[in-house]
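Here's the letter readout for the chains.
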Amino acid sequence: MTFDELLQAARGSEELIMPGSWSQGRATFGGLTAALMFERMEMLVAEGRAMRSLQVSFVGPVEPEVPARFEAEILREGKAVSQVQGRIVQTGETRLVCLASFGGDRESEVQVDALPAPEAPPMDQCHGLDYIEGVTPEFIQQIEMRWAFGNLPFSGKGGRELGGWMQFRKTPESFSDAHIVALIDAWPPAVLPYVKQRVRTSSLSWALDIVHPRPAMEPGDWLLYKVSIDQAGAGYGHTQAGIWTAKGELVALSRQTVTVFG
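Quick notes on the rules
Residues numbered from 1 in each chain as written. Predicted model: local features only at pLDDT ≥ 70, side-chain atom pairs only at ≥ 80, totals over all residues. Heavy atoms only, no water. Helix = DSSP H or I, 4+ residues; strand = E, 2+ residues; numbered from the N terminus. Rg over C-alpha atoms; globule rule 2.2 N^0.38 Å. Buried < 20%, exposed > 50% of the residue type's maximum accessible area, 1.4 Å probe, protein only. Contact = heavy atoms within 4.5 Å. Areas by Shrake-Rupley, 256 points an atom, 1.4 Å probe, with all protein chains shown as cover. Lys, Arg positive; Asp, Glu negative; His and termini not counted. Charge placed at Lys NZ, Arg CZ, Asp CG, Glu CD. Phe/Tyr/Trp six-rings, centres within 6.5 Å; stacked < 30°, edge-to-face > 60°. Lys NZ or Arg CZ within 6 Å of the ring centre and 35° of its normal. Polar contact = N/O pair within 3.5 Å; in protein donor to acceptor, adjacent residues only side chain to side chain. Pairing = 2+ DSSP bridges.

K.L.:
Just to check I follow, could you spell out the overall build of the protein chain for this structure?
P.N.:
Check the secondary structure of the protein chain and you find three helices and 14 strands. The C-alpha atoms of the protein chain give a radius of gyration of 18 Å, which matches the 18 Å a tight globule of 262 residues would have. With respect to the principal axes defined by its C-alpha atoms, the protein chain has extents near 50 × 50 × 40 Å. Taking all 262 residues of the protein chain together, 47% fall into the buried category. For the protein chain, the share of sequence-separated contacts (at least 6 apart) that also reach a separation of at least 24 residues comes to 68%. Of the roughly 13,100 Å² that the protein chain leaves accessible, carbon and sulfur atoms contribute 49%. Within the protein chain, the 32 negative side-chain charges are centred at a point lying 6 Å from the centre of the 23 positive side-chain charges.

K.L.:
Would you mind showing me how to read helix α3 (residues 177-184) here?
P.N.:
In an α-helix, one full turn covers 3.6 residues, which means residues spaced three or four apart are oriented alike. For α3, a buried count of eight out of eight residues is recorded, marking the element as mostly surrounded by other parts of the structure. Among the residues of α3, those classed as buried are Asp 177, Ala 178, His 179, Ile 180, Val 181, Ala 182, Leu 183 and Ile 184.

K.L.:
Any chance you could explain the packing of aromatic side chains here in plain terms?
P.N.:
Each aromatic ring pair is described using two quantities: the centre-to-centre distance and the angle formed by the ring planes. What the rule picks out here adds up to seven aromatic pairs. For the ring pair Phe 3 and Phe 168, a centre distance of 5.1 Å and an interplane angle of 25° mean the geometry is stacked. Of this pair, Phe 3 sits in helix α1 (residues 3-12) while Phe 168 is found in strand β10 (residues 161-168), placing the two residues 165 residues apart along the sequence. Taken as a pair, Phe 3 and Phe 168 share a single burial class, namely buried. For the pair Trp 187 and Tyr 225, a centre-to-centre distance of 5.7 Å together with 5° between the ring planes defines the contact as stacked. Taken as a pair, Trp 187 in the loop between α3 and β11 (200-210) and Tyr 225 in strand β12 (residues 223-233) lie far apart in primary sequence, 38 residues in all. With respect to burial, Trp 187 and Tyr 225 carry one shared label: buried. Site record: aromatic cluster; members linked through ring pairs are Phe 3, Trp 22, Phe 29, Phe 139 and Phe 168. We note Lys 226 situated over the ring of Phe 149; from NZ or CZ to the ring centre the distance is 4.7 Å.

K.L.:
Hey, could you run me through the environment of Trp 206 in this one?
P.N.:
Residue placement: Trp 206 occurs in strand β11. Exposure remark for Trp 206: the relative accessible area of 3% places this residue in the buried category. Between the C-alpha atoms of Trp 206 and Cys 98, which are 108 residues apart in sequence, the distance is 9.5 Å. Discounting residues that sit within four places of it in the chain, Trp 206 has contacts with Ala 34, Leu 54, Gln 55, Val 56, Phe 58, Val 181, Ile 184, Asp 185, Ser 254, Arg 255 and Gln 256. Among the polar contacts listed, one links the side chain of Trp 206 to the side chain of Ser 254, at a separation of 2.8 Å.

K.L.:
What is the right way to look at the pairing of strand β7 (residues 93-103) in this model?
P.N.:
Each regular strand displays side chains that alternate between the two surfaces of the sheet. As paired elements, strand β4 (residues 50-58) and β7 share eight bridges and run antiparallel to each other. Its bridge partner lying in β7, Leu 54 is registered against Ala 100. Remark: two residues form the turn of the hairpin made by strand β6 (residues 81-90) and β7, two consecutive strands paired antiparallel; Thr 91 in that turn has positive phi of roughly 50°.

Okay, here's the thing in structure tokens:
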């Protein structure tokens, strides 16, 4: 199933089965589960309130090919901001928890331009991360990434930065905040270039802010992603990232805590 087909299914049903083509080891790709949960949460919010901040806790793996229930509720709805909670429950256990803040625009004297986007080689000059059956995660069939910053995972070369260009392999019909959520989580943890052998990693928590007014983007546009490591040790890594349009406009800010099993 394409991402758009899964989004449509999430709008119409609280129970979904994640296809194996979106898996990442024994779990479903976290960006997909977070995006589908976000889609159900957004459906509860009054029109005109954009998602400002999303916090995700990956409690346990959402298994592919097993029914999962997507639950969402409004915690509070104020004059300008709506606070929404979401949960994915599978086999009676909570697997993912989300908190999102949706807010309408306010009158303000404060206006600070975003920092400029990093310089990056054009996407047609960057090497792509191809899907290789049995080697790369299954979801790489769905999302295309082209390396512009840093070293490859499991190269043993280290480095604090990683990232590049990204888009869906099948151009979506539209480009919503849910599409952005899914794309951003596709990149491997920035700590993986430090190891030479294959080790398991997983996202423990994720905080994502989308900038509004959001830059205009069309289906099929490339986005630029660059992540840096703040600190890593004792089996955990702490990273922060920025996401920009090809024109250099800031789209989102991301922070993650990842676990490293090796």
